[in-house]
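# Examination of the molecular architecture
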Amino acid sequence: MDMVQAETTTVVDARAVPAGEGEREPHPSDSLRTFGAVVQALREHVGLSRSELAAIVQFSKHTVESVELGRRMPDEAFVERAEEATGNTGALRRAARHISRGEAGLAAWFRRWARLEREAVSLCTYECRLVPGLLQSEAYARAVFEGTIPLRTEEELEEQLAARMERQRMMRERPKVPFSFIVEEHVFRRRFGDAEAMRGLMDHVLERSAPRNVTLQVVPLEAGLHPCLDGSVRILETPARQRLGYSEGQQNGRLISDRKEVSLLCQRYETLRSQALSPNESRALLERLRGEL
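Residues numbered from 1 in each chain as written. Predicted model: local features only at pLDDT ≥ 70, side-chain atom pairs only at ≥ 80, totals over all residues. Heavy atoms only, no water.

## Brief notes about the overall build of the protein chain
Within the protein chain one finds 14 helices and six strands. The buried share of the protein chain, taken over its 293 residues, is 48%. For the protein chain, the accessible area works out to roughly 14800 Å², and carbon and sulfur atoms hold 49% of it. (Helix = DSSP H or I, 4+ residues; strand = E, 2+ residues; numbered from the N terminus. Buried < 20%, exposed > 50% of the residue type's maximum accessible area, 1.4 Å probe, protein only. Areas by Shrake-Rupley, 256 points an atom, 1.4 Å probe, with all protein chains shown as cover.)

## Side note on the nonpolar core
Core analysis: the largest hydrophobic core is formed by 36 residues, its most contacted members being W113, V131, F179, F181, F188, V205 and L286. It is helix 12 (residues 195-208) that provides the largest number of residues to this core, a total of six residues. Ignoring any residue separated from it by four or fewer positions in sequence, one finds V205 in contact with V131, L135, F188, L216 and L286. Within the second largest apolar cluster, 16 residues are counted, among which are F35, L42, A54 and L92. (Core = buried A, V, L, I, M, F, W, Y, C linked by side-chain atoms within 4.5 Å. Contact = heavy atoms within 4.5 Å.)

## Observations concerning helix 5 (residues 76-85)
Where helix 5 is concerned, the buried positions are F78, V79, A82 and E83. Along the axis of helix 5, the buried residues cluster in a sector spanning 130 degrees; they form a single face. What points out from helix 5, more than 90 degrees from its buried face, is the exposed set E76 and E84. Of the residues trailing helix 5, G87 is marked for its positive phi of about 110 degrees. (Arc of directions from axis to C-beta.)

## What about the side chain of E68?
Residue placement: E68 occurs in helix 4 (residues 61-68). With relative accessibility at 3%, the residue E68 sits in the buried group. Not counting chain neighbours up to four residues away, the residues in contact with E68 comprise G36, A37, V39, Q40, R43, R50 and L53.

## Things to note about the packing of helix 3 (residues 50-57) against helix 5
Packing of helix 3 against helix 5 brings their axes to within 9 Å, and their N-to-C directions diverge by 120 degrees. Taken together, the axis directions place helix 3 and helix 5 in an arrangement best described as oblique. Here the hand of the crossing between helix 3 and helix 5 comes out right-handed. Taking contact as the criterion, the partners of L53, I56 and V57 in helix 3 are, on helix 5, F78, R81, A82 and A85. Within the contact of helix 3 with helix 5, the residues separate by chemical class into six nonpolar, no polar and one charged. (Axes fitted to C-alpha atoms, helices over the stretch in contact; angles between N-to-C directions. Parallel < 35°, antiparallel > 145°, perpendicular 65-115°, else oblique. Left-handed = near helix turned anticlockwise from the far one by under 90°. Nonpolar A, V, L, I, M, F, W, Y, C, P; charged D, E, K, R; others polar.)

Written out as structure tokens, the structure is:
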């Protein structure tokens, strides 16, 4: 599942229209498709197959295909390496500046929150079901999407995967924004794939949570009952210093703007923060879980 033109308008819209109604999944943006077509044309001009270009740019063949079809926002490293591989014409570097980030692959009910999220001055996430999307490895995210019902086509799956990986970019691009995560220990113990895939997930989470502006706390199994057991919680603060919450169910999501309700969510989150392991203890736990694989 991922700017805001006016904070107040977004909140009013969230009250007036139930999230997910009156919206359809968007298609990849024209700029993404155009950039992908340029990559493909230059690749073919220099006589490289997708597999050969993938080896040079150090991304998978799947990624090269997704970029060329306009389903995936190219990473900066991809652009630079592809530029060099296709003759250093400067075309890809210039074209990359004009790519607009569409919302292909995002669930309709999640888009309002995703827009607010990209402008937030702080973001707090409690998760009891899955590893938070902003911390998921590509293999983990793919496994999550492959296991959903109804089944997705390969194109839909690639769009969702690309949107999730693109959403993570904001954590790298916004080093001064505090990101706080509280995750139940059992979430990291839930197996997917083989041991290598699990180790890859642990490595990815440890890497993503290493920067000073990112805090990850794990709620240990022995912590017992706590105030957030009603479900996952997300809280953000807008540039206007307004706090908003978000809750999500099986096939819907709800943006929460009522001050009393948001205040209650904040109280629950802060209480749980005091009950969870410290960041250092949490990292040590993840490293131990990784070592047990």
